[in-house]
Amino acid sequence: MDRIRVDLSGPPQTMLATLYAKALDADAPNSILSDHYAKTAVDRIEYDWAATTIDARRAPSVAVRTAHFDNWARQFLAVHDEAVVLHVGCGLDSRVYRLDPGPGVRWYDIDYPDVISLRERVYPQRANCRMLAASVTEPAWLQEIVPDRPVLFLGEGLTMYLTEDDGLALLRRVVDRFASGELQFDAFNTFAIRTQRINAVVRRSGSTLHWGIDGPSDIVDAVPGVRVLAWESVFDSDTFELVSPYVRWIARAMAAVPALRYMSQYHRYAFGPVDAGKS
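Residues numbered from 1 in each chain as written. Predicted model: local features only at pLDDT ≥ 70, side-chain atom pairs only at ≥ 80, totals over all residues. Heavy atoms only, no water.

Some thoughts on the environment of Phe69
Checked against the element boundaries, Phe69 lands in helix α3 (residues 59–79). Judged by relative accessible area, which is 0%, Phe69 ranks as buried. Sequence separation between Phe69 and Arg95 is 26 residues; the distance between their C-alpha atoms is 9.3 Å. Ignoring anything within four residues of it in the chain, the contact list for Phe69 reads Arg95, Leu154, Glu156, Gln184, Phe185, Asp186 and Tyr266. (Helix = DSSP H or I, 4+ residues; strand = E, 2+ residues; numbered from the N terminus. Buried < 20%, exposed > 50% of the residue type's maximum accessible area, 1.4 Å probe, protein only. Contact = heavy atoms within 4.5 Å.)

Observations regarding the nonpolar core
Among the nonpolar cores identified, the biggest contains 46 residues, and Leu19, Ile45, Leu77, Leu92, Trp107, Leu118 and Val122 are the most heavily contacted of them. Per-element tally for this core: the top contributor is α3, with eight residues. Leave out the neighbours within four places in its chain, and Leu92 touches Met15, Leu16, Leu19, Ile45, Leu118, Arg119, Val122 and Tyr123. In terms of nonpolar packing, the next biggest core, distinct from the first, is built from 32 residues, Ile145, Leu162, Leu168 and Leu171 among them. (Core = buried A, V, L, I, M, F, W, Y, C linked by side-chain atoms within 4.5 Å.)

What about the environment of Asp7?
When you line up the elements, Asp7 lands in the loop between β1 (4–5) and α1 (11–26). The class of Asp7 is exposed, set by a relative accessible area of 75%. Separated by 107 residues in the primary sequence, Asp7 and Asp114 have C-alpha atoms spaced 9.6 Å apart.

Overview of the side chain of Ser237
You can see Ser237 is positioned in the loop between β8 (226–233) and α10 (245–255). Other than its neighbours up to four places away in sequence, Ser237 contacts His68, Glu232 and Tyr266.

Quick look at the pattern of salt bridges
Counting across every chain of the model gives 19 salt bridges. A salt bridge links Arg5 to Glu46, with the nearest nitrogen and oxygen atoms 3.2 Å apart. With Arg5 in strand β1 and Glu46 in strand β2 (residues 45–46), this pair connects stretches of sequence that are 41 residues apart. Given a relative accessible area of 32%, Glu46 falls into the partly exposed group. When salt bridges that share partners are traced, they join Lys22, Asp35, Arg65, Asp70, Asp93, Arg95, Arg98, Glu156 and Asp186 into one network. (Salt bridge = Lys/Arg side-chain N within 4 Å of Asp/Glu carboxyl O.)

Structural notes on the sheet that holds strand β4 (residues 105–111)
Taken together, seven strands build an open sheet; the order of strands is β5-β4-β3-β6-β7-β9-β8 and the sheet is mixed. Of all strands in the sheet, those bounded by a partner on one side alone are β5 (129–133) and β8. Between one strand axis and the next, the sheet turns through 15 degrees on average, direction left out of account. Note that strand β7 (residues 181–188) and strand β9 (residues 264–271) share eight bridges and pair antiparallel. Directly across from Phe185, in β9, lies its bridge partner His267. (Pairing = 2+ DSSP bridges. Axes fitted to C-alpha atoms, helices over the stretch in contact; angles between N-to-C directions.)

Considering a negative patch on the surface
On the surface, a cluster of negative charge is made up of Glu138, Glu164, Asp165, Asp166, Asp214, Asp218 and Asp221. Counting residues per element, the negative patch draws most heavily on helix α6 (residues 164–177), at three residues. If you trace the backbone, Asp165 turns up in helix α6. (Patch = residues over 30% accessible without salt bridge, like charges linked within 9 Å, V, L, I, M, F, W, Y side chains within 5 Å. Areas by Shrake-Rupley, 256 points an atom, 1.4 Å probe, with all protein chains shown as cover. Lys, Arg positive; Asp, Glu negative; His and termini not counted. Charge placed at Lys NZ, Arg CZ, Asp CG, Glu CD.)

Shown next as structure tokens:
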């Protein structure tokens, strides 16, 4: 089978770093994700993987974030066996294959056209899963999705690449279109945005980070109808315990400083009637 040469820059290029981390994790003795789809995708793609700055030592720090959102998504789908999942800014993540949702779930992977084109070449087709080629900040793609069931909006590694106006508008459109559901995403705080030059993956891709979120009030005050289900530092999450003791030691030192503790955060919100989906 011919290998696929890629030529990406900016935010789409960062997805190659996260993909490579998951592939390296798949080979680890105590793999966090066991994401063999990622490993197969890396084998198919012709790329200078060393340019991602990801190695086996750094891979678990990427994998634990994905594992965290896998867990949250499983919780949502365990309650909603008929749901819509909007996997927004999906990159080359193989979440739909890892989670293997039931036949009542309609899953949408949404990203830039060149990203979706690459996904279509490295991943197999799957029933009830559709890939949408679109900029996530454009309103048109959401109108293609029938809002007849609860929705899970899942944006891993997305918000920091959006402007605040675009990001909030996207969240509002989802809440306005669906009667109930959840918003799950991670975010950087404003300190992380100001110091983004120290982020090697972002710097080498030529990307620019824009939107810093400092806490749930930034979302609740701007997106009518949402309520907080969870907000936590990456360092405080259950999955962070899966990284090495050395990384946990560094995290404990950083967590003593609030600006550093909340550089990277996990956000989870519900909307709609309180008893809708038992959120």
